[in-house]
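Letter by letter, the chains look like this.
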Number of protein chains: 2
Amino acid sequence: MIRIVAQSVVKDDKREEYIQLAKELIEKSKQEQGCISYGLFQDINNPSIITFIEDWEDQNAIDLHNKTEHFKRIVPLFADLRVSKGDVNLYREV
Amino acid sequence: MIRIVAQSVVKDDKREEYIQLAKELIEKSKQEQGCISYGLFQDINNPSIITFIEDWEDQNAIDLHNKTEHFKRIVPLFADLRVSKGDVNLYREV
């Protein structure tokens, strides 16, 4: 299992747009083979920090995810809604 | 439910010590009331990045966790094992 934590700082006036796009991405991604879970989380102390936390069976599932229509269409749209490039970490449980 | 993501960059020669202490903290924390899950994750691309990801029922459970003997004893020991102060985010699912 690989857990992805992808944190972004989203522009204040773009937050609702970001969340709506993220929810579409999540809904479609959850239907993919190899997707164990895919959630969107907002920082309690700073609502501009919005983070995807995703569990995938293996790297192959992530590679296929990155080639889907919904990923290739929606993820580039996030760029203009963020304050800066996001931070992405891929983790294995210790 | 509140999800905590606590990311640290750990000194190379302190990594094993950090992981052993973290595992003791996790084992004891998982027995607490209100702890849904508590895991330790290592970045696939940078093994110095080590992150706790924890799910708690509510803020009260976190407040009680922060007062436990194991939390108050082990967490201060992490300070000397890190390159810098860690990043902690408390999240709610959107």
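Here's a quick rundown of the structure. Owing to the predicted nature of the structure, the values given are computational and were not obtained by experimental measurement.

## Digging into the interface of chain A and chain B
Part 1: Counting residues at the interface gives 23 residues for chain A, matched by 23 residues for chain B.
Part 2: Both sides of the chain A and chain B interface together cover about 2100 Å² of buried area, and 60% of this is carbon and sulfur.
Part 3: When the buried surface of chain A facing chain B is broken down by residue, Phe-41, Tyr-91 and Val-94 of chain A rank first, second and third, together holding 31% of it.
Part 4: Counting across the interface, chain A meets chain B through zero salt bridges.
Part 5: Run the count over chain A and chain B and you get 14 residue pairs in polar contact (both at pLDDT 80 or more).
Part 6: Breaking the side of chain A that touches chain B down by element, the ones donating at least two residues are β1 (2–9), α1 (15–29), β2 (35–43), β3 (49–56) and β4 (87–93) of chain A.
Part 7: Residue classes in the side of chain A that touches chain B are distributed as twelve nonpolar, six polar and five charged.
Part 8: Note: β4 of chain A against strand β2 (residues 35–43) of chain B, three bridges, orientation antiparallel. Its bridge partner being in β2 of chain B, Arg-92 of chain A is matched across the sheet by Gln-42 of chain B.

Cut-offs and rules
- Residues numbered from 1 in each chain as written.
- Chains lettered and ligands numbered in written order.
- Predicted model: local features only at pLDDT ≥ 70, side-chain atom pairs only at ≥ 80, totals over all residues.
- Heavy atoms only, no water.
- Contact = heavy atoms within 4.5 Å.
- Buried area = accessible area lost by both parts, 1.4 Å probe.
- Salt bridge = Lys/Arg side-chain N within 4 Å of Asp/Glu carboxyl O.
- Polar contact = N/O pair within 3.5 Å; in protein donor to acceptor, adjacent residues only side chain to side chain.
- Helix = DSSP H or I, 4+ residues; strand = E, 2+ residues; numbered from the N terminus.
- Nonpolar A, V, L, I, M, F, W, Y, C, P; charged D, E, K, R; others polar.
- Pairing = 2+ DSSP bridges.

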